[in-house]
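Topology and contacts: notes
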Amino acid sequence: MVKNKKTGMNETKKNRNDVIASRKTCRTDGIGLSHYILVDKKSK
Amino acid sequence: MSINAIPSRGRFVNSGSGPALQPVDIGHSTYMGLVDADTAFWSLVRRDKLGVILHDSAWLKSYYKKRESFRKEMEMLRFGLKPSAVYFNITERCNLNCRYCYIPENMRRKGKHMSEEKVINALQLLKAYFKKTSGTALLPKVIFHGAEPLLNKKALFNGIEKFSKDFTFGIQTNTLLLDAEAVSFFKSRKVSIGISLDGPTGKIVNRTRASWAGEGVFRQVNRAMELLKGYDAWSVICTITTENMQSLARMVSYLHDNEVPNCLLNVVRCTLPSARKIKPDDSIAARYFIDALEKSYRLYKKSGRKLVVANFANILISILAPTARRLMCDISPCGGGRSFFALAPSGDIFPCSEFIGLKHFRGGNIFKNGINNILASNAFKLVTGRKVEDIEPCRRCAIRHFCGSPCPAEAYEMNGGMDKTGAFCEFYEEQVRFAFRVIADGKQDAFLWDGWDKGTKETFIIPGTRT
């Protein structure tokens, strides 16, 4: 672990690639808002 | 416009129709962000190798191949959705007088219930609407929401009972009427339950959430939490204000101790003037919020049990898999009026619950106008047409699709127009920066629901990246 002097947060030394990038996709089904989040989903 | 339609081959970074890869300071000692805002493509690159990396044709080419499909994906997410949920307010009344509520006081104090007959009629109309429009394998959702749904208990229970095979149901309640019988009813029908609590002590909670007579609610909420322990589909909403932000990390410990599986730590919505009196400063609130997130991480590492802070988890997901997001406040246009809408006790329909006190955002009435006509109304278009490209400084902000510039109700009511930001900006900046730091350190799993990416497929990966 190393301490980030700027943020004070401990950071791990494991992930040290020159570039980190990824992306996943799926069918969109988001309906939550700041007043509520649906925890469960039911299929038809 | 399709990238290929522009008369530049897009071969070069930051010129012509090439990707606009903006460097982003994420506050990490090793990495900085490199983001193509339009496609929400992100990468984290070593700070000391930025120039070399921007010259590395191999990984840039791999992004170029995906760029158009990522643009289309964002186009679909932002403009191609149809509603799949309704926030159903079956009463205007509430037994609490919370300082930041978005429903006007006269409605909460003296308002009306929707009759049992009308609740059933409305659910029938919604069922018919979703039967025509729903294209997914999942049931449409009906969330019983503000003011306090359990004040109209008989209509609520009847509605859930009669339509249990037609909708996934949820409820948001202040818990004052959430007794063992109600919990048992909801659990047996797999109703997702959200409750509200703003702090780990009665003294803190009572500053913002109390009855009309000024009585506190801490004891009642704790009793409800005991009843809900062990149920997997419940969550706690904590609204961040000047009155409780100092205790957010303690709140996280408190919720974790009480085996709460999910929470929302939401900065207060400032739609109505009363909420603005307890609006915290952006940067101070962000500091306490991030402290709380770090606390949740330490608790998970120590106990092996997660308390997912859902609004932050959603930011992480909006980066890792934009279409998998569960909350629709942090994308523009927001989900109001396009992935969900709100139904008031009068039958009036609004883009989101946040607009229920604002008559000029009424799109029509479910008993008088067709839902499709309401969705196409000018009132709805005001909200569904609000996009970050029309807002300063969002139009040039690299993280505009990880933030979404919430909330249109705040922007319109507090700041004077849909082309304005909402009440907060730096808070969301700090949240995204922290999310990138979490990803840089490969810690994202600790902040996300187990199995969050079930049903997703990988569309881009730099070898060695932890997903």
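Moving on, we get to the overall build of chain A. What chain A contains, in helices and strands, is zero helices and four strands. Listed by position from the N terminus, the elements making up chain A come as β-β-β-β. With 44 residues in all, chain A has 55% of them scored as buried. As presented, chain A carries roughly 2200 Å² of accessible surface, and 48% of it is formed by carbon and sulfur atoms.

At the interface, 97 residues of chain B touch 38 residues of chain A. Of the roughly 5900 Å² buried between chain B and chain A on both sides combined, carbon and sulfur atoms contribute 54%. Per-residue buried area on chain B facing chain A is highest for Leu138, Arg326 and Asp441 of chain B; these three make up 9% of the total on that side. The interface formed by chain B and chain A holds four salt bridges in total. Close ionic contact of Lys49 of chain B with Asp18 of chain A constitutes a salt bridge, the shortest N to O distance being 3.2 Å. Counting across the interface, chain B meets chain A through 18 residue pairs in polar contact (both at pLDDT 80 or more). Taken together, the residues that form the side of chain B that touches chain A break down as 47 nonpolar, 30 polar and 20 charged. Sheet analysis places strand 4 (residues 22-25) of chain A next to strand 14 (residues 457-461) of chain B, joined by four bridges and oriented antiparallel. Within strand 14 of chain B, the position partnered with Ser22 of chain A by the bridge is Ile461 of chain B.

Here the focus is the confidence of the model for chain A. Mean pLDDT for chain A: 71, with 55% of residues reaching 70 or above. Across chain A, strand 4 of chain A holds the top mean pLDDT of 97, while strand 2 (residues 10-11) of chain A sits lowest at 56.

Let's shift gears to the sheet that holds strand 8 (residues 234-240) of chain B. Strand-to-strand pairing in sheets goes through backbone hydrogen bonds, with the strands running parallel or antiparallel. All names here are of chain B. Across the sheet, 10 strands lie side by side as 10-9-8-7-6-5-4-11-12-13; this open sheet has mixed pairing. One side of each edge strand has no neighbouring strand; the edge strands of this open sheet are strand 10 (308-309) and strand 13 (364-365). With four bridges connecting them, strand 5 (residues 141-144) and strand 6 (residues 168-173) associate as parallel partners. The partner of Phe144 across the bridge, within strand 6, is Ile171. Strand contacts of helix 8 (residues 218-228): strand 7 (192-196) and strand 8, with the helix running at about 155° to strand 7, the strand carrying the most contacts.

All names here are of chain B. Of all the positions in helix 8, only Phe218, Val221, Asn222, Ala224, Met225 and Leu228 are classed as buried. Each buried residue of helix 8 sits inside an arc of 160° when the element is viewed along its axis, so together they form one side. Looking at the buried positions of helix 8, the neighbouring elements they touch are helix 6 (180-188), strand 7, helix 7 (202-205), strand 8 and helix 9 (248-257). Just beyond helix 8, the residue with positive phi is Gly230, at close to 95°.

It is worth spelling out the pairing of strand 2 (residues 31-36) of chain B at this point. All names here are of chain B. In terms of residue burial, strand 2 counts as a mostly covered element, since six of its six residues are buried. By the alternation rule, side chains of strand 2 split into Tyr31, Gly33 and Val35 and Met32, Leu34 and Asp36, which are all buried. One ladder, built from four bridges, connects strand 1 (residues 21-24) with strand 2; its direction is antiparallel. The residue of strand 2 that forms the bridge with Gln22 is Val35.

So, on to the packing of aromatic side chains. All names here are of chain B. For the structure on display, the rule yields 29 aromatic pairs over all chains. An angle of 65° between the planes, with centres 5.1 Å apart, marks the rings of Tyr129 and Phe130 as edge-to-face. Residues Tyr129 and Phe130 agree in their burial class; the two are buried. The ring of Tyr300 carries the charged tip of Lys306 above its face, separated from the ring centre by 5.4 Å.

Here we take up the side chain of Thr39 of chain B. With respect to the element layout, Thr39 of chain B can be found in the loop between strand 2 and strand 3 (41-46). Looking at Thr39 of chain B, its side chain comes within polar contact range of the side chain of Tyr63 of chain B, at 2.7 Å. Sequence-distant contacts of Thr39 of chain B, that is, excluding residues within four places in its chain, are made with Arg23 of chain A together with Tyr63, Arg67, Phe70, Arg71 and Met74 of chain B.

Bringing unusual backbone geometry into the picture now. Residues and elements named next belong to chain B. With an omega dihedral of -10°, the bond running from Ser332 to Pro333 counts as a cis peptide bond. Structurally, Pro333 can be placed in the loop between helix 12 (310-320) and strand 11 (340-343). Put simply, Glu392 and Pro393 share a cis peptide bond, and its omega is 10°. Along the chain, Pro393 falls in the loop between helix 14 (378-384) and helix 15 (400-403). Despite not being glycine, Glu259 has its phi angle at roughly 60°, a positive value. You can see Glu259 is positioned in the loop between helix 9 and strand 9 (262-267).

What follows deals with the sheet that holds strand 3 (residues 19-20) of chain A. Strand order in the open sheet formed by four strands is 3(A)-3(B)-2(B)-1(B), with antiparallel pairing between adjacent strands. Looking along the sheet, the strands with just one partner apiece sit at the ends: strand 3 of chain A together with strand 1 of chain B. Strand direction decides the pairing type here: strand 3 of chain A and strand 3 of chain B, joined by two bridges, are antiparallel. Counterpart to Ile20 of chain A in the pairing with strand 3 of chain B is Leu44 of chain B. Those strands touched by helix 2 (residues 57-79) of chain B are strand 3 of chain A together with strand 1, strand 2 and strand 3 of chain B, and its axis lies near 160° from that of strand 3 of chain B.

All right, on to the nonpolar core then. Residue and element names in this part refer to chain B. By size, the foremost hydrophobic cluster in this structure holds 157 residues, and its most contacted members are Phe186 and Phe436. Apart from residues lying up to four places away in sequence, Phe436 is in contact with Ile26, Val35, Trp42, Leu44, Ile319, Ile399 and Phe402. The next biggest cluster of nonpolar side chains, apart from the first, holds 15 residues, and it includes Met32, Leu34, Ile53 and Phe70.

Within the fold, Gly455 of chain B resides in the loop between helix 17 (426-440) and strand 14. Residue Gly455 of chain B is classed as exposed on the basis of its relative accessible area of 68%.

What follows covers the packing of helix 9 of chain B against helix 11 (residues 282-303) of chain B. Residue and element names in this part refer to chain B. Orientation of helix 9 relative to helix 11, taken along the N-to-C sense of each, is 30°, at an axis distance of 8 Å. Classified by chirality, the crossing of helix 11 by helix 9 is right-handed. Across the interface between the two elements, Leu248, Ala249, Val252, Ser253 and His256 of helix 9 pack against Tyr288, Phe289, Asp291, Ala292, Lys295, Ser296, Leu299 and Ser303 of helix 11. Per-class residue counts for the contact of helix 9 with helix 11 are seven nonpolar, four polar and two charged.

Criteria and thresholds
- Residues numbered from 1 in each chain as written.
- Chains lettered and ligands numbered in written order.
- Predicted model: local features only at pLDDT ≥ 70, side-chain atom pairs only at ≥ 80, totals over all residues.
- Heavy atoms only, no water.
- Helix = DSSP H or I, 4+ residues; strand = E, 2+ residues; numbered from the N terminus.
- Buried < 20%, exposed > 50% of the residue type's maximum accessible area, 1.4 Å probe, protein only.
- Areas by Shrake-Rupley, 256 points an atom, 1.4 Å probe, with all protein chains shown as cover.
- Contact = heavy atoms within 4.5 Å.
- Buried area = accessible area lost by both parts, 1.4 Å probe.
- Salt bridge = Lys/Arg side-chain N within 4 Å of Asp/Glu carboxyl O.
- Polar contact = N/O pair within 3.5 Å; in protein donor to acceptor, adjacent residues only side chain to side chain.
- Nonpolar A, V, L, I, M, F, W, Y, C, P; charged D, E, K, R; others polar.
- Pairing = 2+ DSSP bridges.
- pLDDT = per-residue confidence, 0-100.
- Axes fitted to C-alpha atoms, helices over the stretch in contact; angles between N-to-C directions.
- Arc of directions from axis to C-beta.
- Phe/Tyr/Trp six-rings, centres within 6.5 Å; stacked < 30°, edge-to-face > 60°.
- Lys NZ or Arg CZ within 6 Å of the ring centre and 35° of its normal.
- Core = buried A, V, L, I, M, F, W, Y, C linked by side-chain atoms within 4.5 Å.
- Left-handed = near helix turned anticlockwise from the far one by under 90°.

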